[in-house]
Amino acid sequence: MSATKTMADAKGFLASGLGIAVISSAVFGTSGAFAKSMLETGWSPGAAVAVRLTGAALILAIPAVVVLRGRWHQLKDNWLTILLFGLIGVAGCQLFYFNAVARLSVGVALLLEYLAPVMIVLWLWISSRRRPRALTSLGALLSLGGLVLVLDLTGSVKVDFIGVLWGMAAAVCLVIYFFITAKENDTLPPLVLASGGLVVGAAVMWLVGAIGLLPMTFSTANTSLGPWTTPWWVSAAGLIILATVLAYVSGIMAARSLGSKVASFVSLTEVLFAVLWAWLLLGELPGPIQLMGGVLIVGGVVLVRVDELRGDRRSAVAAAARVLDHANDVEPVPSGPVAEVPVAEVRPN
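Here goes a summary of the coordinates provided.

What counts, and at which threshold
- Residues numbered from 1 in each chain as written.
- Predicted model: local features only at pLDDT ≥ 70, side-chain atom pairs only at ≥ 80, totals over all residues.
- Heavy atoms only, no water.
- Core = buried A, V, L, I, M, F, W, Y, C linked by side-chain atoms within 4.5 Å.
- Buried < 20%, exposed > 50% of the residue type's maximum accessible area, 1.4 Å probe, protein only.
- Helix = DSSP H or I, 4+ residues; strand = E, 2+ residues; numbered from the N terminus.
- Contact = heavy atoms within 4.5 Å.
- Patch = residues over 30% accessible without salt bridge, like charges linked within 9 Å, V, L, I, M, F, W, Y side chains within 5 Å.
- Areas by Shrake-Rupley, 256 points an atom, 1.4 Å probe, with all protein chains shown as cover.
- Salt bridge = Lys/Arg side-chain N within 4 Å of Asp/Glu carboxyl O.
- Phe/Tyr/Trp six-rings, centres within 6.5 Å; stacked < 30°, edge-to-face > 60°.
- Disulfide = S-S within 2.5 Å.
- Axes fitted to C-alpha atoms, helices over the stretch in contact; angles between N-to-C directions.
- Parallel < 35°, antiparallel > 145°, perpendicular 65-115°, else oblique.
- Left-handed = near helix turned anticlockwise from the far one by under 90°.
- Nonpolar A, V, L, I, M, F, W, Y, C, P; charged D, E, K, R; others polar.

Focus: the nonpolar core
Phase 1: Counting 79 residues, the largest nonpolar core has Phe-85, Leu-198 and Tyr-248 as its most contacted members.
Phase 2: With 12 residues, helix H12 (residues 232–258) is the single largest residue contributor to this core.
Phase 3: Discounting chain neighbours no more than four positions away, the residues touching Leu-198 are Leu-53, Ala-56, Ala-57, Leu-60, Val-90, Thr-244 and Tyr-248.

Here it is, written out as structure tokens:
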């Protein structure tokens, strides 16, 4: 019975918004391992990203058309959302991150990009003029502290002001990505948003490569994944199908279910998954400090999620209290002659 209950709980978690968000982070985390195996054989970052987005856009095109079922007005009505998602959330985020990596260490660039959850909390604080609750603040501090440990930034770090600006720009793009994907929109299915955004992102990457902002170098040499030597297209397929198609679709679903704040904090686990995939596929074993950082990240995510649920519960209780406050309201007696009231409708006080 306990095993059956455990299986049911596991299935329930995987089907929940939080479970989908964790799956999204796990598959997003494979991108580093697949991309690195390609970069080591001569691929340029721009070429790898362009192939990644183009392949994913082609795969999602047919399912997106099926989901639309001829309702092409959905694209027309949401063209701005699709454009912003593809331009900023897909192409812009990756482009700015690559520019940051060109001037900074990968760890510092990634840390700057994942300041996005803190930016979201600050933005919600400023826009609503309501200070974050204690658990949310503590969760933010724990997650960022864990992120620093996972990235293991104890070595010598090269700091470049322009590179920091590129990294912050990537973080802003990530903030916009979470807000766009978290927006409830019944007229635009997640699959259509992902497909349209990938088409826009791929077009932008090829355009950026054509004008020379990013080098486009390709290679057909075999890649290495763990103990296996595989054709280049195996790594490319993993980058396209797992790290892009499945990752973006599940990420949009998770953000719409959890909201931008919680989804952004869960996305921090992507760094932990990236380290784990690098260990399994590239032989890069994470150290004790990185594992401890993973514990802090998960702890921070849990605190933010608990705080979110407590806030929803308080709102529900307050709404119920308002209803009860007005339950015994009596309509004013109309002036003029008193009308006869049936006895059955007279209620005791």
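Moving on from the model shown.
Topic: a nonpolar patch on the surface
Phase 1: On the surface, a cluster of nonpolar side chains totalling about 440 Å² of accessible area is made up of Trp-79, Leu-80, Leu-83, Leu-84 and Leu-87.
Phase 2: Note that Trp-79 resides in helix H6 (residues 79–103).
Phase 3: A relative accessible area of 53% places Trp-79 in the exposed class.

Comments concerning the packing of aromatic side chains
Phase 1: Tallying each qualifying case throughout the model produces four aromatic pairs.
Phase 2: Judged by centre distance (5.9 Å) and plane angle (35°), the rings of Trp-43 and Trp-232 are tilted. You can see Trp-43 sitting in the loop between helix H3 (30–39) and helix H4 (45–68) and its partner Trp-232 sitting in helix H12, a full 189 residues away along the chain.
Phase 3: Judged by its relative accessible area of 6%, Trp-43 is buried.
Phase 4: Accessibility expressed as a relative area gives 29% for Trp-232, which makes it partly exposed.
Phase 5: Note on Trp-206 and Phe-218: the rings are 6.3 Å apart at their centroids and 25° apart in plane angle, and the pair reads as stacked. Of this pair, Trp-206 sits in helix H11 (residues 190–210) while Phe-218 sits in the loop between H11 and strand E1 (223–225), and the two are 12 residues apart along the sequence.
Phase 6: Residue classification places Trp-206 among the partly exposed residues on the basis of a relative accessible area of 37%.
Phase 7: An aromatic cluster of at least three residues, connected via ring pairs, comprises Trp-43, Trp-206, Phe-218 and Trp-232.

Let's talk about the environment of Ile-241
Phase 1: Mapped onto the elements of the fold, Ile-241 is located in helix H12.
Phase 2: For the pair formed by Ile-241 and Arg-52, sequence separation is 189 residues and the distance between their alpha carbons is 8.6 Å.
Phase 3: Look past the residues within four positions of Ile-241 in its chain and what remains in contact with it is Ile-59 and Leu-246.

A look at the state of the cysteines
Phase 1: In this structure the tally under the stated criterion is zero disulfides.
Phase 2: With no disulfide of its own, Cys-93 has Cys-173 as its nearest cysteine by sulfur position, at a separation of 5.7 Å.
Phase 3: Among the residues examined, Cys-93 registers a relative accessible area of 6% and is labelled buried.

Focus: the environment of Ala-26
Phase 1: Here Ala-26 shows up in helix H2 (residues 17–28).
Phase 2: Assessed through its relative accessible area of 15%, Ala-26 is described here as buried.
Phase 3: Expressed as a C-alpha distance, the spacing of Ala-26 and Trp-277, which sit 251 residues apart in the sequence, is 8.7 Å.
Phase 4: Beyond its immediate chain neighbours, meaning those up to four positions away, Ala-26 contacts Phe-273 and Trp-277.

Here we look at the packing of H2 against helix H14 (residues 269–282)
Phase 1: Axis separation between H2 and H14 bottoms out at 7 Å; the angle between their running directions is 45°. Relative to H14, H2 is oriented oblique. Two packed elements cross with a definite hand, and for H2 against H14 that hand is right-handed. The segment H2 lies against H14, with Val-22, Ser-25, Ala-26 and Phe-28 engaging Thr-269, Glu-270, Phe-273 and Trp-277.
Phase 2: Across the contact of H2 with H14, the residue classes break down as five nonpolar, two polar and one charged.

No statement about biological role is implied by the geometric values presented.
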